[in-house]
Amino acid sequence: MTAGLCERAPTKLELEAVLRRVRETTLRLIEPVGDEQLVAQVSPIMSPLVWDLAHIGWFEELWLVRRLTDDEPAIEGFDDLYDAFQHPRGERSELPILTPPEARAYLESVRRDAFRALEGMPLDDSDPLLRDGYVYGLVLQHELQHQETMLQTLELSGVAYATPPHDDLRSPPRPEDVLVPAGPFTLGRNEQPWAYDNERPAHVVELPAFWVERHPVTNERFAEFVGDGGYRERRYWSDDGWEWLREERVQAPLHWERARGGWMRRRFGRSEPVPPAEPVQHISFYEAEAVAAWAGKRLPTEAEWEKAAQGADPDGDANLGRESFGPLPVARRAASRVGCDCMLGDVWEWTSSAFTGYPGFTAFPYAEYSEAFFGAEHRVLRGGSWATDPMVARVTFRNWDYPQRRQLFSGARLAADA
């Protein structure tokens, strides 16, 4: 199944096939992982992998079984254990959560019930949850997003996980600016059946002309920033960023280490030279801001980013879907109409925008997906990463997180006023 399934009303056979495909991907992801690692609390900002696994099943039960058939919960207490708003991630390993074998059995049981419910479900119903299979898109995208979260946990664990090598040490092209002309464009999207509430309503935004770089910031360029004293120069950092930097004593992107021959990094349990031409990843919003200031530029707003990304295709040559297990050297792929490359996939790109609702925003189908996170404390990221499924990586998709977070597969693209 491709991202195009999200563009139209799917058939029941298509929904069943993509539900199977996504679940198989989840199970393959954890297949090499032992039970000891599945239950481990790797970081206070991440859930144990087995919690994510059972949470995927709970969310599916909630929306594809209970909400559609009025069934009672399969197991009492799960609405507390597996509701993400009930317990902080750092406490979830101490809860009476399912063991790995129990979680797998729960997933299978829920899936059987969900398929039975799908058989009699009218997808052209006047109920907005069912129209165009929206509720199925909600559950599918939720599972795909948790796959990326689980990959973040696996990366943070430092435990070896088999991945393709990243040994291409070519030099990157030098930074190149692309002019995005002034004028109106439509931010967001109404007609995409599975778009989230925060992508709606689509509305016209008038933007002045601006410059945006053809490629995201590469490892080589970020290493130049580090070598030029970027982490020591107060002038490159916002007040909040400087306070974070001093408290955390950060000196390089997450997982980078200095070595005699240059920079090395840890990637899924292996040590390797930092590939110069890959987009830098595992940097916070504060670091993205600082490298932009060092370069004499700024981060784009999310409206600027979306305008620059128009025409980029997740079903084309974008580095999405986890096969690469990391960014690839910057190149002419996932290109936009104005000539920006790598707009979808490789790394999430921090923008300067706080996460807020668009004018006329309406929460649907539940306020906790988006509205609960609105405010200046969260910053928007755009474009997806190598770990993002094409079904999620649309130009209008909005990701968000705290500005200090670095476990994300996140990087930056620089902009400037024209």
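The structure under discussion appears in the preceding block.
A brief look at the structure comes next. Sequence positions are assigned chain by chain, starting from 1 and proceeding in written order. Where local features are concerned, this predicted model is filtered to residues with pLDDT of at least 70; where side-chain atom pairs are given and counted, the filter is 80 or more; whole-chain, interface and lining totals use all residues. With hydrogens and water excluded, all non-hydrogen atoms of the structure serve as input to the side-chain values.

## Some remarks on the pairing of strand E9 (residues 375–382)
For clarity, the threshold we go by: At least two DSSP bridges between two strands are needed for those strands to be called paired. Put simply, DSSP H or I for four residues or longer makes a helix, DSSP E for two residues or longer makes a strand, and each gets a number counted from the N terminus.
The sheet contact formed by strand E8 (residues 348–355) and E9 spans four bridges and is antiparallel. Residue Trp 350 lies in a different strand from E9, and its bridge partner there is Leu 381. Examined bridge by bridge, E9 and strand E10 (residues 399–401) share three bridges and lie antiparallel to one another. The residue of E10 that forms the bridge with Arg 379 is Asp 401.

## Some thoughts on the packing of helix H1 (residues 12–30) against helix H5 (residues 100–119)
Short version of the rule: Where helices are involved, their axes are fitted lines through C-alpha atoms of the stretch in contact, as for all axes, and angles between N-to-C directions lie from 0 to 180°. Comment on the angle field: the value is read as roughly parallel under 35 degrees, roughly antiparallel over 145, roughly perpendicular from 65 to 115, and oblique elsewhere. Any pair of residues with heavy atoms lying within 4.5 Å of one another is described as a contacting pair. Each residue gets one label: Ala, Val, Leu, Ile, Met, Phe, Trp, Tyr, Cys and Pro are nonpolar, Asp, Glu, Lys and Arg are charged, and the others, such as Gly, are polar.
With their axes 11 Å apart at the nearest point, H1 and H5 run at an angle of 175° to one another. Judged on the interaxial angle alone, H5 and H1 are roughly antiparallel. Packed against H1, whose contacting residues are Lys 12, Leu 15, Glu 16, Leu 19, Arg 20, Arg 23, Leu 27 and Ile 30, the element H5 presents Arg 104, Leu 107, Arg 111, Phe 115, Leu 118 and Glu 119 at the interface. Of the residues that constitute the contact of H1 with H5, the class distribution is seven nonpolar, no polar and seven charged.

## Observations regarding H5
Using the following cut-off: A helix is expected to span 1.5 Å for every residue after the first. Note on classification: 1.4 Å probe, protein chains only; a residue is buried when its accessible area is under 20% of the maximum for its type, exposed when over 50%, partly exposed between these limits. Working definition: the arc comes from the directions between the helix axis and the C-beta atoms, pointing outward to the latter.
Given a rise of 1.5 Å per residue, 20 residues ought to cover 28 Å, and the 29 Å separating the end C-alpha atoms of H5 matches this to within 8%. Within the sequence span of H5, burial applies to Pro 100, Ala 103, Tyr 106, Leu 107, Val 110, Arg 111, Ala 114, Phe 115, Ala 117 and Leu 118. Relative to the axis of H5, the buried residues are bounded by an arc of 170° and lie together on one face. Opposite the buried face of H5, at more than 90 degrees from it, the exposed residues are Glu 108, Arg 116 and Glu 119. Looking at the packing, one finds that the buried side of H5 touches H1, helix H2 (35–38), helix H3 (49–69), helix H4 (78–81) and helix H6 (134–157).

## A few points about the sheet that holds strand E11 (residues 410–411)
Taken together, four strands build an open sheet; the order of strands is E10-E9-E8-E11 and the sheet is mixed. Only two strands of the sheet have a single partner each, and these edge strands are E10 and E11.

## Side note on the environment of Asp 315
By the element assignment, Asp 315 lies in the loop between helix H10 (302–309) and E8. Look at Asp 315 and you get partly exposed, because its relative accessible area is 37%. For the pair formed by Asp 315 and Met 391, sequence separation is 76 residues and the distance between their alpha carbons is 8.8 Å.

## Topic: the pattern of salt bridges
Our working definition: A side-chain nitrogen of Lys or Arg and a carboxyl oxygen of Asp or Glu constitute a salt bridge if their distance falls within 4 Å.
Evaluation of the coordinates by the stated rule reveals 31 salt bridges. Here Asp 177 makes a salt bridge to Lys 297, at a shortest N to O gap of 2.6 Å. Note that Asp 177 is positioned in strand E1 (residues 177–180) and Lys 297 in the loop between helix H9 (285–294) and H10, a separation of 120 residues in sequence. A salt bridge links Arg 267 to Glu 272; the shortest N-O distance between them is 2.6 Å. Residue class for Arg 267 comes out buried when judged on its relative accessible area of 1%. Salt bridges linked by common partners bring Arg 23, Glu 60, Arg 111 and Glu 143 together as one network.

## Comments concerning a negative patch on the surface
Defined as follows: Excluding any residue in a salt bridge, patches collect residues exceeding 30% relative accessible area, merging like charges within 9 Å and nonpolar Val, Leu, Ile, Met, Phe, Trp and Tyr side chains within 5 Å. Values of accessible area rely on a 1.4 Å probe in the Shrake-Rupley scheme; residue burial ignores everything except the protein chains shown. When charges are counted, neither His nor the chain ends are considered; positive counts come from Lys and Arg and negative counts from Asp and Glu. For this purpose, a charge sits on NZ of Lys, CZ of Arg, CG of Asp or CD of Glu.
Taken together, the side chains of Asp 70, Asp 71, Glu 72 and Glu 76 define an acidic patch exposed on the protein surface. Taking relative accessible area as the criterion, Glu 76 reaches 66% and is therefore assigned exposed.

## Focus on the pairing of E8
With six of its eight residues buried, E8 lies for the most part within the structure. Note that E8 and E11 share two bridges and pair parallel. In the strand pairing of E11, Trp 348 is matched with Ser 410.

## Regarding the state of the cysteines
Inclusion rule: Note that a disulfide, as used here, is simply two cysteine sulfur atoms within 2.5 Å.
Counted by the stated rule, this structure contains zero disulfides. Left without a disulfide partner, Cys 340 is nearest to the cysteine sulfur of Cys 342, which lies 10 Å away. Judged by its relative accessible area of 0%, Cys 342 falls in the buried class.

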